[in-house]
Amino acid sequence: MLTRSEKNAPSTLLATEVVEPVRRPSRLRRTGLVAAGLLACALPTVFTINITRMLLDGELSEHRFHQLTGQGLVLFALWLGGLVPLIRAGWSGRRPSSLAGWLHVVFMVTGVVCAAAATGGGAPYLVGIIVVTGALVWLALPVRPRLRLPARIDPALAPVAFVAAAVSTPYVLDQIALQNAAIGHHAQNPHFFDMAWLVTALVGMAMLAALLPGVRRLAAAAGAGLAWTGLMGVVLLDTDRPFMVLALATGAALVAISARRTRR
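Residues numbered from 1 in each chain as written. Predicted model: local features only at pLDDT ≥ 70, side-chain atom pairs only at ≥ 80, totals over all residues. Heavy atoms only, no water.

Chemist: Mind showing me how you'd approach the pattern of salt bridges here?
Modeler: In total, this model carries four salt bridges according to the counting rule given. Across the pair D154 and R216 runs a salt bridge, and its minimum N-O distance is 3.6 Å. Placement of the pair is D154 in the loop between α6 (123–140) and α7 (157–181) and R216 in the loop between α9 (191–211) and α10 (218–236), with a sequence separation of 62 residues. For the pair D154 and R216, a shared accessibility class is recorded, and that class is buried. A salt bridge links D154 to R261; the shortest N-O distance between them is 2.6 Å. Note that D154 is positioned in the loop between α6 and α7 and R261 in helix α11 (residues 241–263), a separation of 107 residues in sequence. By relative accessible area, D154 is classed as buried at 5%. (Salt bridge = Lys/Arg side-chain N within 4 Å of Asp/Glu carboxyl O. Helix = DSSP H or I, 4+ residues; strand = E, 2+ residues; numbered from the N terminus. Buried < 20%, exposed > 50% of the residue type's maximum accessible area, 1.4 Å probe, protein only.)

Written as structure tokens, this is what we have:
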């Protein structure tokens with residue numbers, strides 16, 4: 001028969017297996033990580049500072065909606081939100097979280113897809129820079145995040161994520177069509193592409209959160225982004241009102257479900 005201590009041994013061993021040792025990176029790897037991180041974070045940092053200045057100064061106030069969402073603060077938050085945790089974990093030698101890894105992957109993949117559909121305004125070049133510098137960060141990491149996770153559909157998140165995808169698809173296609181048909185200022189300054197990219201990334205995050213238990217918290221970020229985009233659209237725009245209202249509603253639902261899960 002097992003003693004009491006032996007009966008308790010499996011739980012102890014399980015806890016030991018979950019905690020991974022910190023792999024202290026070499027000086028060369030840290031140098032490479034810093035260089036890659038600076039390259040990857042330079043553009044979103046400069047863009048964030050510039051857009052914030054424009055908002056405070058009231059510059060191009062007719063584009064305030066885009067400054068607050070797609071060609072502005074929300075898109076840049078997603079951009080840095082995946083990169084910064086990867087770099088911090090890599091510096092200390094820890095494995096980055098699956099959430100940070102998937103957020104960065106979703107951001108890049110949706111950017112590539114939207115840039116392939118809307119090629120104007122230099123979008124492919126911007127996304128190319130993002131993918132190359134992001135890949136350099138992943139290459140410099142001493143330990144990479146786990147992306148292969150067990151799947152289990154969340155019965156509460158999945159329906160809302162599917163509704164968000166359904167209501168967002170016509171809007172995304174419309175923004176891509178507008179970008180491809182744009183002339184003048186909008187042809188060189190791709191507001192429509194940025195909105196398509198932002199909404200696609202947010203919906204992708206919501207779908208992923210509904211599928212993978214390991215990244216359920218992405219639902220809260222996706223919901224907050226959709227709700228903010230919808231709210232700003234309702235307040236600042238006279239167009240796309242049905243989508244903005246639905247984005248606000250589905251985003252709020254995602255946030256509410258995530259908050260309830262957290263309290264439990």
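Chemist: Would you mind going over unusual backbone geometry with me for this structure?
Modeler: One can expect most non-glycine residues to show negative phi and most peptide bonds to be in trans. In this structure, L60 takes a positive phi of about 50 degrees despite not being glycine. Mapped onto the elements, L60 comes out in the loop between α2 (27–57) and α3 (64–68). Even without being a glycine, D240 presents a positive backbone phi close to 55 degrees. Relative to the elements of secondary structure, D240 occurs in the loop between α10 and α11.

Purely geometric stuff here, so don't read any function into it on its own.
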